[in-house]
Amino acid sequence: MSRDRVVVSIGGSILIPDHEDSVFIKELAQMITELNKEVQLVVICGGGKIARYYTNTSAELGASVFEQDLLGIGTTRLNAKLLALALGDISSTEIPLNAADAANMSVPGKVVVMGGTEPGHTTDAVASMVAKEMEADRVVNATSVDAVYTSDPKKDPNAKRLGKISIKELGELVYKDHGAGKSSVFDPLGVQIAENNNIDILVVDGRDLADLRNAILGKDIKGTFVNSH
Ligand code: UTP
């Protein structure tokens with residue numbers, strides 16, 4: 001039986017919690033090492049606080065959005081190097097610079113770890129692009145919220161937690177978010193690519209390693225299952 005192919009988008013603030021970072025990265029790497037025996041994995045790392053520092057500081061220095069994005073991409077690749085280091089031999093030695101290379105490098109038993117690709121989107125979109133290229137079974141978004149909500153639960157006491165939704169519903173939610181200039185639970189471009197290519201998205205709290213494990217294995221999760229079929 002062939003292994004499921006899974007692309008994980010891990011937020012920078014999850015990968016680098018800013019407190020005993022190496023402890024969390026080690027635990028995550030251990031879990032990935034186990035799961036690597038069961039599924040074929042590509043992990044896309046976000047930039048988190050470090051990206052924000054570089055994009056904001058460069059903006060203050062007059063950088064264009066394109067230039068800010070390039071610095072952001074640099075930080076995602078640095079974070080990817082940290083995870084690759086923790087994974088040791090099971091991670092690919094090179095960090096691919098685009099989705100096609102990532103898909104080509106991906107083989108069972110080796111974890112491809114990477115960051116962003118080019119300006120204009122986030123690493124969530126990269127996850128969908130790689131998933132499309134490698135015909136992945138699902139994308140897992142290991143993020144800082146525990147599920148998709150009808151609105152921002154930090155601001156709206158009536159926000160409802162969503163257990164299972166369609167990719168169309170996720171599209172409506174992220175376009176609404178995007179219009180307000182907020183960062184959404186998944187990059188709208190990534191949602192569009194997933195919708196066009198029938199890729200399911202599982203949104204889980206990346207700090208909850210048990211839920212992240214279940215999502216990667218395609219089991220029931222506490223987070224949100226976004227059905228694209
Ligand atoms: P992230 O993917 O971490 O974006 O990339 P984000 O939305 O700011 O992070 P989260 O998901 O809310 O934690 C960091 C920055 O790097 C640039 C963008 O500027 C992005 O904001 N980037 C990243 C790109 O331009 N292209 C990429 O492919 C990836």
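Residues numbered from 1 in each chain as written. Predicted model: local features only at pLDDT ≥ 70, side-chain atom pairs only at ≥ 80, totals over all residues. Heavy atoms only, no water.

1. Points about the sheet that holds strand S3 (residues 112-114)
Here's step 1: Taken in spatial order, the seven strands of this open sheet run S3-S2-S1-S4-S8-S9-S7, and their pairing is mixed. Of all strands in the sheet, those with a lone pairing partner are S3 and strand S7 (164-166), marking the two edges. Ignoring strand direction, the axes of neighbouring strands in this sheet form an average angle of 20°.
Here's step 2: Both strand S4 (residues 138-143) and strand S8 (residues 200-205) contribute to a ladder of six bridges, which runs parallel. Looking at S8, one finds that Val 140 is bridged to Leu 202. (Pairing = 2+ DSSP bridges. Helix = DSSP H or I, 4+ residues; strand = E, 2+ residues; numbered from the N terminus. Axes fitted to C-alpha atoms, helices over the stretch in contact; angles between N-to-C directions.)

2. Side note on the site of the ligand
Here's step 1: Near the ligand there are 18 residues, and of these Gly 47, Asp 69, Thr 117, Glu 118 and Thr 123 occur at the shortest range.
Here's step 2: Between an oxygen atom of the ligand and a side-chain N or O atom of Asp 69, the distance comes to 2.6 Å.
Here's step 3: Within the contact set of the ligand, an oxygen atom lies 2.4 Å away from a side-chain nitrogen or oxygen of Thr 123.
Here's step 4: Considered on its own, the ligand offers 570 Å² of accessible surface; in the complex 82% of this is hidden by protein.
Here's step 5: Here the element with the most residues in the shell around the ligand is helix H4 (residues 65-87); it accounts for four residues. (Near = heavy atom within 4 Å. Polar contact = N/O pair within 3.5 Å; in protein donor to acceptor, adjacent residues only side chain to side chain. Areas by Shrake-Rupley, 256 points an atom, 1.4 Å probe, with all protein chains shown as cover.)

3. Considering the packing of aromatic side chains
Two measures describe an aromatic ring pair: the distance that separates the ring centres and the angle between the ring planes.
Here's step 1: Counted under the stated rule, the structure contains one aromatic pair.
Here's step 2: Considering the side-chain rings of Tyr 53 and Tyr 54, the 5.2 Å spacing of their centres and the 90° angle between planes classify their relative orientation as edge-to-face. (Phe/Tyr/Trp six-rings, centres within 6.5 Å; stacked < 30°, edge-to-face > 60°.)

4. Topic: the nonpolar core
Here's step 1: One finds Val 7, Leu 28, Leu 83, Val 130, Leu 212 and Ile 216 to be the most contacted residues of the largest nonpolar core, which totals 68 residues.
Here's step 2: The leading source of residues in this core is helix H2 (residues 21-35), at seven residues.
Here's step 3: With sequence-adjacent residues up to four places away left out, Ile 216 is seen in contact with Val 6, Val 8, Met 31, Leu 35, Val 39, Leu 41, Arg 138 and Val 140. (Core = buried A, V, L, I, M, F, W, Y, C linked by side-chain atoms within 4.5 Å. Buried < 20%, exposed > 50% of the residue type's maximum accessible area, 1.4 Å probe, protein only. Contact = heavy atoms within 4.5 Å.)

5. As for a nonpolar patch on the surface
Here's step 1: A cluster of nonpolar side chains, Ile 50, Tyr 53, Tyr 54 and Leu 71, forms an exposed patch at the surface whose accessible area comes to about 370 Å².
Here's step 2: A total of three residues in the nonpolar patch trace back to one element, the largest contributor, which is helix H3 (residues 48-60).
Here's step 3: Position of Tyr 54 among the secondary structure elements: in helix H3. (Patch = residues over 30% accessible without salt bridge, like charges linked within 9 Å, V, L, I, M, F, W, Y side chains within 5 Å. Salt bridge = Lys/Arg side-chain N within 4 Å of Asp/Glu carboxyl O.)

6. With respect to the environment of Leu 85
Here's step 1: Following the sequence through the fold, Leu 85 ends up in helix H4.
Here's step 2: A C-alpha to C-alpha distance of 12 Å links Leu 85 and Gln 30, two positions 55 residues apart in sequence.

7. Overview of the pattern of salt bridges
Here's step 1: Summed over the entire model, instances satisfying the criterion amount to seven salt bridges.
Here's step 2: Between Asp 18 and Lys 49 there is a salt bridge; the shortest N-O distance is 2.4 Å. Of this pair, Asp 18 sits in the loop between helix H1 (12-15) and H2 while Lys 49 is found in helix H3, placing the two residues 31 residues apart along the sequence.
Here's step 3: With a relative accessible area of 48%, Asp 18 lands in the partly exposed category.

8. A short note on the environment of Lys 81
Here's step 1: Tracing the backbone shows Lys 81 in helix H4.
Here's step 2: When its relative accessible area of 51% is taken as the criterion, Lys 81 is described as exposed.
Here's step 3: In this structure, the C-alpha to C-alpha distance between Lys 81 and Glu 94, residues 13 residues apart in sequence, is 9.2 Å.

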